Amino acid sequence: PTLTLRGVKIWQGLLDRPAQEALLEDLRAVQRAAPLFSPETRWGKKMSVRMTSAGKYGWYSDRRGYRYERQHPSGVDWPPIPDSVLRLWSELTGLERQPDCCLVNLYGEGAKMGLHQDRDEADFSWPVMSVSLGDEGLFRIGNEERGGKTESVWLKSGDVLTLQGPSRLLHHGVDRIRFGSSTLLAQGGRINLTCRVVD
Ligand code: MD3
Ligand code: FE
């Protein structure tokens, strides 16, 4: 990694422009099969980030809470995780086990994600891998407990991050994006892929 922040390993610029474009093309197929939607939080507020998923499970939220679902809200199965993403996972984690879910987050102008923990998975000992594409996003990482000091880093298109071990339960979020800072997405915005083992 080029940077390690509280145990989160960051490979800055790991994917070159052609690799980013290839990934984006694969994600277009995912979005055609499983269109982006804006989940509602359990308090009935729409999230500013639009999402969809690939894999055995997709992440979902509504007034009943956060969870993984076997189908897209339209009732179709989630499309398969693209091979390009699975290859990257194998390379970086060295695992035989493949992820069950690749969550696709799209941050349009003004979108953000508040500090939270990822704890909807059965076993926190599996690593998580995240890929950033498009506009830069200000990623913030905190502590296992609520509150306390935090550290921030701008994630750019082609940056890849893995977290494993004690960093798995740290609070984290995206404060804001620099809309229009990248030319990768014609419409602007930031895409983040997060791959996880769910069960
Ligand atoms: C650090 N997404 O979908 S991914 C999420 O950029 C989420 O869209 C952010 O947080 C995004 O849940 C950040 C990177 C990431 C994922 C999981 C983590 C960082 C993490 C778990 C613990 C600590
Ligand atoms: Fe998260």
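Residues numbered from 1 in each chain as written. Chains lettered and ligands numbered in written order. Predicted model: local features only at pLDDT ≥ 70, side-chain atom pairs only at ≥ 80, totals over all residues.

Asker: Hey, could you go over the nonpolar core for me, with residue numbers and the actual values?
Answerer: In terms of nonpolar packing, the biggest core is built from 39 residues, with V85, C101, C102, V104, L193 and C195 touching the most fellow members. Element by element, the count of residues in this core is highest for strand β6 (residues 101-107), at 6 residues. Apart from residues lying up to four places away in sequence, C101 is in contact with S53, G55, Y57, G58, W59, Y68, C195, R196 and V198. (Core = buried A, V, L, I, M, F, W, Y, C linked by C-beta atoms within 7 Å. Buried ≥ 20, exposed ≤ 12 C-beta atoms within 10 Å, placed from the backbone. Helix = DSSP H or I, 4+ residues; strand = E, 2+ residues; numbered from the N terminus. Contact = placed C-beta atoms within 7 Å.)

Asker: Give a detailed account of the sheet that holds strand β2 (residues 8-11), specifying residues and quantitative values.
Answerer: Paired through their backbone hydrogen bonds, the strands of a sheet run either parallel or antiparallel. If you walk across this open sheet you meet the 7 strands as β1-β2-β11-β8-β13-β6-β3, and the pairing is antiparallel. With partners counted over all chains shown, the strands left at the sheet margins are β1 (3-5) and β3 (50-55), one partner each. Across the sheet, the axes of successive neighbouring strands diverge by a mean angle of 20°, strand direction being ignored. Here helix α2 (residues 83-93) sits on the sheet and contacts β6, β8 (128-134), β11 (160-163) and β13 (190-196); the angle it forms with β11, its principal contact strand, is near 55°. (Pairing = 2+ DSSP bridges. Axes fitted to C-alpha atoms, helices over the stretch in contact; angles between N-to-C directions.)

Asker: Which residues make up the site of ligand 1, and what are the values?
Answerer: The environment of ligand 1 is made up of 18 residues, and the closest members are N105, S130, L170, H172 and N192. For the shell around ligand 1, the secondary-structure elements that each account for two or more residues are β6, β8, β9 (137-141), β11, β12 (172-177) and β13. Partitioned by chemical class, the residues of the shell around ligand 1 number 9 nonpolar, 7 polar and 2 charged. (Near = placed C-beta within 6 Å. Nonpolar A, V, L, I, M, F, W, Y, C, P; charged D, E, K, R; others polar.)

Asker: Describe the sheet that holds β12, naming the residues involved and giving the relevant values.
Answerer: Pairing is antiparallel in the open sheet, where 4 strands are placed in the order β7-β12-β9-β10. In this open sheet, the two edge strands, each paired with only one partner strand, are β7 (113-116) and β10 (151-155). The mean angle between the axes of side-by-side strands here comes to 25°, regardless of whether they run parallel or antiparallel. Here 4 bridges tie β9 to β12, and the two strands are oriented antiparallel to one another. In the sheet register, G137 faces β12, and the bridge partner there is I177.

Asker: Tell me what's going on with the UniProt feature "domain: Fe2OG dioxygenase" (unreviewed entry) in the protein, and back it up with residues and numbers.
Answerer: Mapped onto the present numbering, the UniProt feature "domain: Fe2OG dioxygenase" (unreviewed entry) falls on residues 98-199. End C-alpha to end C-alpha, residues 98-199 measures 11 Å, and it is 0% helix and 44% strand. (UniProt positions renumbered as here; feature names shortened; annotations may be inferred.)

Asker: Let's hear about the environment of R97: which residues, and what values?
Answerer: Note on placement: R97 falls in the loop between α2 and β6. When the C-alpha atoms of R97 and L193 are compared, they prove to be 18 Å apart, with 96 residues separating the residues in sequence.

Asker: Describe the pairing of β8, with residues and values.
Answerer: For β8, the buried fraction is high: 7 of the 7 residues fall into the buried class. The sheet contact formed by β8 and β11 spans 4 bridges and is antiparallel. In the sheet register, M129 faces β11, and the bridge partner there is T162. Examined bridge by bridge, β8 and β13 share 6 bridges and lie antiparallel to one another. Considered in β13, the bridge of G134 is made with R190.

Asker: Break down the UniProt feature "binding site: substrate" (unreviewed entry) in the protein for me, citing the residues and quoting the values.
Answerer: In the numbering used here, UniProt assigns the "binding site: substrate" (unreviewed entry) feature to W59, Y66, R67, Y68, D120 and R146. Taken along the chain, the residues just named run across 88 residues; in space they spread out, the farthest C-alpha pair reaching 23.7 Å. W59 gets classed as buried once you count the C-beta atoms within 10 Å, which come to 25. In this view, W59 contacts M51, S53, Y68, C101 and L103; residues no more than four positions away in its chain are not counted. Along the chain, the position of D120 falls in the loop between β7 and β8. C-beta crowding within 10 Å serves as the criterion here: with 16 such atoms nearby, D120 is assigned to the partly exposed category. Those residues in contact with D120, other than ones at most four positions away along the chain, are Y66, R67 and Y68.

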